[in-house]
Amino acid sequence: MQPRPIVMRRHTLPFLAALSLLALPGLSGCGSSFFTNTNSSGCGSFFHDSSCDSSGGSGTSANNYAFVVNSQGGSVAGLGISSAGALAALSGSPISISTSQPTAAAVSRNNGFLYVGNASEIFGYSISSTGVLTSLNSGSALVNANVTDMQVSPDGNWLMVLDGSGQGIDLFSINSTTGALTAQQGIGFTLPNSGTIPYHLRINPAGTIVAAAMGVGGQILFNFNTSSGAFSQLSTTPAVDSLTADRGLAWDPTGKYLFLTRTGNSQGLLVESVASNGALTPTTTKIYGTGNTPTSVAVNSAGTYVYVTNQADSTVTGYSIDTNEALTAVPGSPFSSGIGATSIGIDSSGKWVLVAASGGSPDLTLYGFDSTNPGRLYVVSSSATGTGASFVALSH
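The rules we used
Residues numbered from 1 in each chain as written. Predicted model: local features only at pLDDT ≥ 70, side-chain atom pairs only at ≥ 80, totals over all residues. Heavy atoms only, no water. Helix = DSSP H or I, 4+ residues; strand = E, 2+ residues; numbered from the N terminus. Areas by Shrake-Rupley, 256 points an atom, 1.4 Å probe, with all protein chains shown as cover. Salt bridge = Lys/Arg side-chain N within 4 Å of Asp/Glu carboxyl O. Buried < 20%, exposed > 50% of the residue type's maximum accessible area, 1.4 Å probe, protein only. Pairing = 2+ DSSP bridges. Axes fitted to C-alpha atoms, helices over the stretch in contact; angles between N-to-C directions. Phe/Tyr/Trp six-rings, centres within 6.5 Å; stacked < 30°, edge-to-face > 60°. Contact = heavy atoms within 4.5 Å. Polar contact = N/O pair within 3.5 Å; in protein donor to acceptor, adjacent residues only side chain to side chain. Core = buried A, V, L, I, M, F, W, Y, C linked by side-chain atoms within 4.5 Å.

Topic: the overall build of the chain
Secondary structure assignment for the chain yields zero helices and 31 strands. Taken as a whole, the chain presents about 14600 Å² of accessible surface, with 50% of it coming from carbon and sulfur.

Examining unusual backbone geometry
The phi torsion of most residues other than glycine is negative, and most of the peptide bonds are trans. Here S93 and P94 are connected by a cis peptide whose omega angle stands at -5°. Its location among the elements puts P94 in the loop between β3 (87-89) and β4 (95-96). Cis rather than trans, the peptide bond between S361 and P362 has omega equal to 0°. The topology assignment puts P362 in the loop between β28 (353-357) and β29 (364-369).

Thoughts on the pattern of salt bridges
Counted under the stated rule, the structure contains three salt bridges. The shortest N-O distance in the salt bridge between D370 and R376 comes to 1.9 Å. For R376, a relative accessible area of 9% corresponds to the buried category.

Topic: the sheet that holds strand β14 (residues 200-203)
Across the sheet, which stays open at both edges, the four strands sit in the order β14-β15-β16-β17 with antiparallel pairing between neighbours. Edge strands, defined here as strands with exactly one partner in the open sheet, are β14 and β17 (230-237). The sheet shows a mean angle of 20° between the axes of neighbouring strands, direction not considered. Pairing of β14 with strand β15 (residues 209-213), which is carried by four bridges, proceeds in the antiparallel orientation. Along β15, the bridge assignment pairs H200 with A213.

Details of the packing of aromatic side chains
Counted according to the given criterion, the structure contains seven aromatic pairs. Measuring from ring centre to ring centre gives 4.9 Å for F224 and F231, while their planes differ by 50°; the resulting arrangement is tilted. Here F224 matches F231 in class, with each residue buried. Counting every residue linked through ring pairs, the aromatic cluster contains W158, F189, F222, F224 and F231.

Remarks on the sheet that holds strand β11 (residues 158-163)
Sheet architecture is open: four strands sit in the order β10-β11-β12-β13, paired in antiparallel fashion. The strands lining the two open edges of the sheet, one partner per strand, are β10 (147-152) and β13 (181-188). Ignoring strand direction, the axes of neighbouring strands in this sheet form an average angle of 25°. Sheet analysis places β11 next to strand β12 (residues 168-174), joined by five bridges and oriented antiparallel. Residue pairing in the sheet places L159 in a bridge with F172 of β12.

A few points about the environment of A384
Note that A384 resides in the loop between β30 (377-383) and β31 (389-394). Of the residues examined, A384 reaches a relative accessible area of 65% and is grouped as exposed.

So, the environment of S96
Within the secondary structure, S96 is located in strand β4. Placed 20 residues apart in sequence, S96 and V76 show a C-alpha to C-alpha distance of 6.6 Å. When neighbours within four sequence positions are excluded, S96 is seen to be in contact with G74 and S75.

A look at the side chain of D246
Secondary-structure assignment places D246 in strand β18 (residues 244-251). By relative accessible area, which is 0% here, D246 ends up buried. One polar contact links D246 to R262, side chain to side chain, over a distance of 2.7 Å. With near-sequence residues (within four places) excluded, D246 lies in contact with Y199, A213, M214, G215, G218, Q219, A239, L260, T261 and R262.

Topic: the nonpolar core
M160, I169, V210, F222 and F231 are the most contacted members of the largest nonpolar core, which totals 17 residues. Going through the elements one at a time, β11, β12, β14, β15 and β16 (219-225) are the ones with two or more residues in this core. In this structure F231 touches M160, I169, L171, Q185, G186, I187, V210, F222, N223 and F224, once residues within four positions along its chain are discounted.

Considerations on the pairing of β29
In terms of burial, β29 is largely enclosed, as six of its six residues are buried. The two faces of β29 match: L364, L366 and G368 on one face and T365, Y367 and F369 on the other face are all buried. Bridge count between β28 and β29: four bridges; the pairing is antiparallel. Across the sheet, the residue bridging to V353 is Y367, located in β29.

Focus: the pairing of β12
Along β12, six of the seven residues are buried, which leaves the element largely enclosed by surrounding structure. What sits between the antiparallel neighbours β11 and β12 is a turn of four residues, in which G166 has the positive phi angle 80°. With six bridges joining them, β12 and β13 adopt antiparallel strand pairing. Directly across from L171, in β13, lies its bridge partner Q184.

Okay, structure coming up:
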């Protein structure tokens, strides 16, 4: 019997401020059966058993890790993800990091380094073959930067930083051997709204177009030359109004479509086609419904499903992606998450969706897929990571 869909639960907690992929496998591991336990420890039942969460060793398949950055107190929890979806704390996890109030994190494309930024600096950590983190540069900052979000380019050569001032993108070359960062020429821009707060930065799969969600400043698209590191601005699309903020971004696997979450007056999920000149055209006038305060968004590697975290509702909304990028709600959506879900990602195997929640209960949730009802999620495992789990960075 397939597991029942996750029942949505609503919270009456006040708004939690945000800080700033899918094959359909057969069901296995924790959470794979509704009535029958799959092993002697009780893992596998629909009702989560804490014994399903490994707490020692790595317990991972090679190089499949999740790093959860905790904004309160400044720490990173490293967890291995097994082929069955079990989460196992890595040795020494969580570790205190050399920065308070971290704002973003990214894993290098060779899975050798983790970068964590705050409002003034970026710190680096080497990732061992077992996922253990070790500070680079004796724990001192690698470079200075006002970090709101950051991404590593698909070729692994560049770290791009969305500047927290809302006035530019900073660019750093990555030494793939040492993890060192070297400042390069980024790009500056001017927005008409002085109250602009930048949120997310995403690079298309080809590494040639960079999209920035700028809150009430709308969206900006840039051309990027991955050989030289040169930027040029392509287009600017203003937000709907002064009370609507463009928040989360995700590209589809073809790089032809951009998925955008909005909060405020025009709250929901928007799908846009992207022209070669960077012009954005909504595929429909419809804003697809989400929960309250949709933040981050993820599209699976096949481009068939999209999922959105709803921070104020503590849920995840799921849609199937149909012909011409039209969206249809998947069975059981929305799905319960931890309190204040803020960050979502899909692991390197494409089997699991992971959601970090800044209010905990739990801090990190790993979901699997129901093969009978494509796109429907069910909880496989979860883990405590620390206080204020604000974002999850996954190995490639």
